[in-house]
Structure formats: C-alpha cells, structure tokens
Amino acid sequence: MNTIMRKSVLSVAGLAFAGGVFAGPIAAHANPVDAKPVAAAVQTTAPKPQGDQSHIDLTGEKTANVKAIIAATKKAGLPERAAVISIATSLQESKLDNLGHLGDMNDHDSLGLFQQRPSSGWGTPEQITDPAYSTTAFLKGLKQVDGWQDMPLTEAAQTVQVSAYPDAYAQWEQQATDLVGQYWNS
C-alpha cells in the first residue's frame, strides 16, 4: 500500500475512533426524558389497505377455500403477504366460491376461485377448479411480478389477473389480512 493511501486509511480510522470517543460520553448524558421509545413490534413493508373495505360472511366451503389457498401458498414457500394477495383476489373474482361454468352469466370461460380461463392458458377446466392448482397458478404469476411484496395489493393482483376492474381488489385487503392472520398457523 503506498504512503498516501495508508495515511488516508489511517486518517479515516482516526476520525471514526475520535467521533466514537466524543459521541459516546455525550450520548451517555442525554436526557432520558427526551428519548423516544423504540418500537418492539416488527413492522412489515406491506402497504396498508387502500380505500373502503368490503366484507362477506364465510360458509364452510369458503373457509375451506381460504385454507386451501393458505396451504398452497405455504407449499410454494411464499410468505403470508402472498396469501393475502391471493385471498383478496379470490374474494374479488369469486367471493371465494369455486365457480364452475355459469352458463350465460359466465365471463367468457372463466372458472374457479380466481376466474381463470382455459382459453388464456391457465389450465384445463378440471385444473382451474382445483383450489390447490388454481392458487399455485396464480402464485406462479405473482412471483413473476417484480416487487410484488411491497406494492399495493391491487397493483400486484391486477398485474397477474389483468382484470377489467383493476382497482377492485383493494376493497378485500383487510378481510384477506384477517383471514390469513386467523388461519396461517392453524
């Protein structure tokens, strides 16, 4: 190491040491009344729910579908936030009902919890109406969205679903969060 470089490194190290020596005693005499408490809870980076929130009552079948979504999310090795996004998406798309063909009321050939379409490559009708399969397919799409963990739920869901109502997912975030909190560890 040349002399100039050595002197620069030593100077920086000396300043850091001196700063610690002088700041230490000053910090030790700080007025504890002015000190701000440190939060003990871990904060998530997930944004808070946006806008007015909706809520539906769950039947036994809907609760089973929530549990299937959570199980598929865990099996995929994804965090709770992925389950929240998945459940909110299913709440918007089907109200957590595993939809078969609805005849004239059907939106194209949309089926299952996420109203996925065989004609769009989501899988066969049998696959799409299997809650584990349809959730895994949704999560596969979610994992391809850069930064999905930190973006607003409705943006993450819309990027996967490409819905005609892109902002509609947000209204289900609180219920989805509550459901994941209730069933994630059960």
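Definitions and limits used
- Residues numbered from 1 in each chain as written.
- Predicted model: local features only at pLDDT ≥ 70, side-chain atom pairs only at ≥ 80, totals over all residues.
- Heavy atoms only, no water.
- Salt bridge = Lys/Arg side-chain N within 4 Å of Asp/Glu carboxyl O.
- Helix = DSSP H or I, 4+ residues; strand = E, 2+ residues; numbered from the N terminus.
- Buried < 20%, exposed > 50% of the residue type's maximum accessible area, 1.4 Å probe, protein only.
- Contact = heavy atoms within 4.5 Å.
- Core = buried A, V, L, I, M, F, W, Y, C linked by side-chain atoms within 4.5 Å.
- Phe/Tyr/Trp six-rings, centres within 6.5 Å; stacked < 30°, edge-to-face > 60°.
- Lys NZ or Arg CZ within 6 Å of the ring centre and 35° of its normal.
- Axes fitted to C-alpha atoms, helices over the stretch in contact; angles between N-to-C directions.
- Parallel < 35°, antiparallel > 145°, perpendicular 65-115°, else oblique.
- Left-handed = near helix turned anticlockwise from the far one by under 90°.
- pLDDT = per-residue confidence, 0-100.
- Expected span 1.5 Å × (residues − 1).
- Polar contact = N/O pair within 3.5 Å; in protein donor to acceptor, adjacent residues only side chain to side chain.

> Mind showing me how you'd approach the pattern of salt bridges here?
Two side chains of opposite charge can pair, provided their charged atoms sit close to one another. The full count for this structure, using the stated rule, is three salt bridges. Two residues, Glu-173 and Arg-81, come together in a salt bridge whose shortest N-O distance is 2.8 Å. With Glu-173 in helix α7 (residues 173-183) and Arg-81 in helix α3 (residues 80-94), this pair connects stretches of sequence that are 92 residues apart. Taken as a pair, Glu-173 and Arg-81 share a single burial class, namely buried.

> Teacher, can you tell me more about the side chain of Ser-134 here?
In this structure, Ser-134 sits in helix α5 (residues 131-143). Here Ser-134 is in contact with Leu-113, Phe-114, Gln-116, Gln-127 and Ile-128, once residues within four sequence places are set aside.

> Quick question: what am I supposed to make of helix α6 (residues 153-161) here?
Three or four residues apart is the spacing at which side chains of an α-helix point the same way, because the helix has 3.6 residues per turn. Summarising burial for α6: seven of the nine residues are buried, a large majority. The elements touched by buried residues of α6 are α3, α5 and α7.

> Would you mind going over the nonpolar core with me for this structure?
A general trend in soluble globular proteins is that nonpolar side chains are found buried together. Of all hydrophobic cores here, the largest spans 36 residues; its most connected members are Ile-85, Ile-87, Leu-142 and Trp-148. Counting residues per element, the ones that place at least two in this core are α2 (60-75), α3, α5, α6 and α7. At seven residues, the largest contribution of residues to this core is made by α3.

> Even after reading the chapter, I still don't get the packing of aromatic side chains, so can you show me in this structure?
Each aromatic ring pair is summarised here by two numbers: the centre-to-centre distance and the angle between the ring planes. All chains considered together, the criterion is met by one aromatic pair. Relative to Phe-138, the ring of Phe-114 lies with its centre 5.0 Å away and its plane at 10°, an arrangement referred to as stacked. Residue Phe-114 is found in the loop between α3 and α4 (125-128), and its partner Phe-138 is found in helix α5; the two are separated by 24 residues along the sequence. Per residue, the accessibility class of Phe-114 equals that of Phe-138, and both read buried. Sitting above the plane of the Trp-184 ring, Lys-74 keeps its charged end 5.1 Å from the centroid.

> Looking at this structure, how should I read the packing of α3 against α6?
A packed helix pair is summarised by two numbers, namely the angle formed by the two axes and the spacing between the axes. Across the interface, α3 lies against α6 with an axial gap of 10 Å and an inter-helix angle of 70°. The orientation of α3 relative to α6 falls into the category roughly perpendicular. Where α3 crosses over α6, the handedness of that crossing is right-handed. Seen from α3, the contacting residues are Arg-81, Val-84, Ile-85, Ala-88, Thr-89 and Glu-93; seen from α6, they are Leu-153, Ala-156, Ala-157 and Gln-161.

> Can you walk me through the confidence of the model for the protein chain in this structure?
In low-pLDDT regions, the fine details of the predicted coordinates are not to be read closely. Of all residues in the protein chain, 70% have pLDDT values of 70 or greater, and the mean over the chain is 80. Taken together, the stretch residues 1-44 has pLDDT below 50 and engages in two contacts with residues farther than four places along the chain or on a different chain.

> Could you clarify how one ought to interpret α5 in this entry?
With 13 residues, α5 extends 18 Å between its outermost C-alpha atoms, agreeing within 8% with the 18 Å of an ideal straight helix rising 1.5 Å per residue. Along α5, the positions that sit buried rather than exposed are Pro-131, Ser-134, Thr-135, Ala-137, Phe-138, Leu-139 and Leu-142. One side-chain oxygen at the N-terminal end of α5 lies 3.2 Å from the backbone nitrogen of Ala-132; it belongs to Asp-130.

> So what exactly am I meant to see when it comes to the environment of Gln-158 here?
With respect to the helices, strands and loops of the structure, Gln-158 is situated in helix α6. A residue is classified by how much of its surface remains accessible, and Gln-158, at 18% relative accessible area, is buried. When the C-alpha positions of Gln-158 and Ala-168 are compared, they lie 9.0 Å apart, and in sequence the two are 10 residues distant. In contact with Gln-158, not counting residues within four places along its chain, are Ser-163, Pro-166 and Tyr-169.

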